[in-house]
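# Structural overview
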Amino acid sequence: MQQKVKKAVFPVAGQGTRFLPATKAVPKEILTLVDRPLIQYAIDEARAAGIEEFIFVTSRGKGALEDYFDHAPELEAALKAKGKTALLDALRETYMDSGAIACVRQHQALGLGHAVWCARHLIGDEPFAVLLPDDVIAADKPCLQQMVEAYAETGGNMVAAMEVPADKVSSYGVLDVPTGISPVLPVRAMVEKPAPGTEPSNLAVIGRYILSPQVLRHLDGQEKGAGGEIQLTDAIAREIARANNVHGFRFEGVRYDCGSKAGFLQATLAFGLARDDLRGELEEFLYDMLAMRQAAQ
Ligand code: G1P
């Protein structure tokens, strides 16, 4: 029996410069995908996977993000008085139990590995999940839940993985794995943002991890990797070299890169089209717009 994964780290310290000027005033994780902020999707996915403790690694200017999960008694009373029960339910979905959220600061933007390492005292000596909120995954069974179930069999460490087009591979952490169609693959090595032409495969790491505390020890040395940053991928690679206990997990679902504008727009359309209350109007608009564009060509 594996130790249950109860803690999750959400690295949310990034400045979100790709979304300037919006992110001048609003943390990127609060940007809205249909009607919920990006961070809510990651939190809900973690909750579905049985996570009980949520650790945010934040930075200056992320106050709105911490406030977002607070209870809102005035708003609640106003909605109750007006009998707006659906909105009241939506509001309550954002509430977290007292003490369930903890925030630690990353004082300098030194990389994803460093961000996760900042949470080491809160993680202690147990397995933990890491969710990168930029990676939004639409799936019947939430991605982290799929991983927790697979991890119950494998133990060790697990990273979500997906095949990406050849011209995009060098933007990711990339896995060296034996060929095969199995969802769970032993990882022989992994490399962060390989130079084009040197990638070991086109199987890329997507932002969901289940890690052993040993990976944090590999970060103690603060060694810099790709882009001069302290990389989580490098720490996991060291764990492969030490104990050969890392698995890639090909999840079922569609991943959207909400760290890019195009990906955010695609996610907005896909999540909008999946909603009963929006599909009709949105479809009609899209058909009309495409028809107009075609006619103009
Ligand atoms: C991070 C990780 C990378 C992973 C990617 C997934 O990169 O370092 O290994 O493949 O997330 O989204 P970033 O997108 O922060 O450059």
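This section reports on the structure supplied with the text.

Cut-offs and rules
- Residues numbered from 1 in each chain as written.
- Predicted model: local features only at pLDDT ≥ 70, side-chain atom pairs only at ≥ 80, totals over all residues.
- Heavy atoms only, no water.
- Helix = DSSP H or I, 4+ residues; strand = E, 2+ residues; numbered from the N terminus.
- Rg over C-alpha atoms; globule rule 2.2 N^0.38 Å.
- Buried < 20%, exposed > 50% of the residue type's maximum accessible area, 1.4 Å probe, protein only.
- Contact = heavy atoms within 4.5 Å.
- Areas by Shrake-Rupley, 256 points an atom, 1.4 Å probe, with all protein chains shown as cover.
- Pairing = 2+ DSSP bridges.
- Core = buried A, V, L, I, M, F, W, Y, C linked by side-chain atoms within 4.5 Å.
- Near = heavy atom within 4 Å.
- Polar contact = N/O pair within 3.5 Å; in protein donor to acceptor, adjacent residues only side chain to side chain.
- Axes fitted to C-alpha atoms, helices over the stretch in contact; angles between N-to-C directions.
- Parallel < 35°, antiparallel > 145°, perpendicular 65-115°, else oblique.
- Left-handed = near helix turned anticlockwise from the far one by under 90°.
- Nonpolar A, V, L, I, M, F, W, Y, C, P; charged D, E, K, R; others polar.

## A closer look at the overall build of the chain
Helix and strand content of the chain: 11 helices and 14 strands. Since a compact globule built from 297 residues should have a radius of gyration of about 19 Å, the 20 Å found for the chain is in line with a globular shape. Dimensions of the chain, computed from C-alpha atoms along their principal axes, come out at roughly 60 × 55 × 40 Å. Taking all 297 residues of the chain together, the buried fraction comes to 45%. Here the contacts in the chain between residues at least 6 apart in sequence split such that 74% fall between residues at least 24 apart. Carbon and sulfur atoms provide 53% of the accessible area of the chain, an area that totals close to 15200 Å².

## Describing the pairing of strand β11 (residues 189-192)
Here β11 shows one buried face, formed by M190 and E192, and one open face, formed by A189 and V191. In terms of strand pairing, strand β9 (residues 173-176) meets β11 through four bridges, oriented antiparallel. Following the sheet pairing, D176 is matched in β11 by A189.

## Here we look at the nonpolar core
For soluble globular proteins, the rule of thumb is that nonpolar side chains tend to be buried together. Counting residues in each nonpolar core, the largest one holds 37 residues, and the members touching the most others are F10, F54 and L144. Among the elements of the structure, β1 (7-11), α1 (38-48), β4 (53-58), β6 (128-131), α7 (143-154), β8 (157-163) and β12 (203-211) are those that each provide at least two residues to this core. It is α7 that contributes the most residues to this core, six residues altogether. Residues within four places of F10 in sequence aside, it is in contact with I39, A42, I43, A46, F54, I55, F56, V57 and L131. In this structure, W117, I123, L211 and L232 belong to the second largest nonpolar core, which totals 33 residues.

## Digging into the site of the ligand
Surrounding the ligand, one finds 13 residues, the nearest of these being D135, G173, E192, K193 and V205. Here D135 contributes a side-chain N or O atom positioned 2.8 Å from an oxygen atom of the ligand. Take K193: an N or O atom from its side chain is 2.7 Å from an oxygen atom of the ligand. Per element, the largest residue contribution to the shell around the ligand is three residues, and it comes from β12.

## Observations concerning the packing of helix α3 (residues 73-81) against helix α4 (residues 85-93)
Think of two packed helices as two axes; the pair is described by the angle between the axes and how far apart they sit. Between α3 and α4, the shortest axis-to-axis distance is 9 Å and the interhelical angle comes to 160°. Classified by the angle between their axes, α3 and α4 sit roughly antiparallel to one another. When you trace α3 past α4, the crossing you get is left-handed. Contact residues: L75, E76, L79 and K80 in α3; L87, L88, L91 and R92 in α4. Looking at side-chain class alone, the contact of α3 with α4 contains five nonpolar, no polar and three charged residues.

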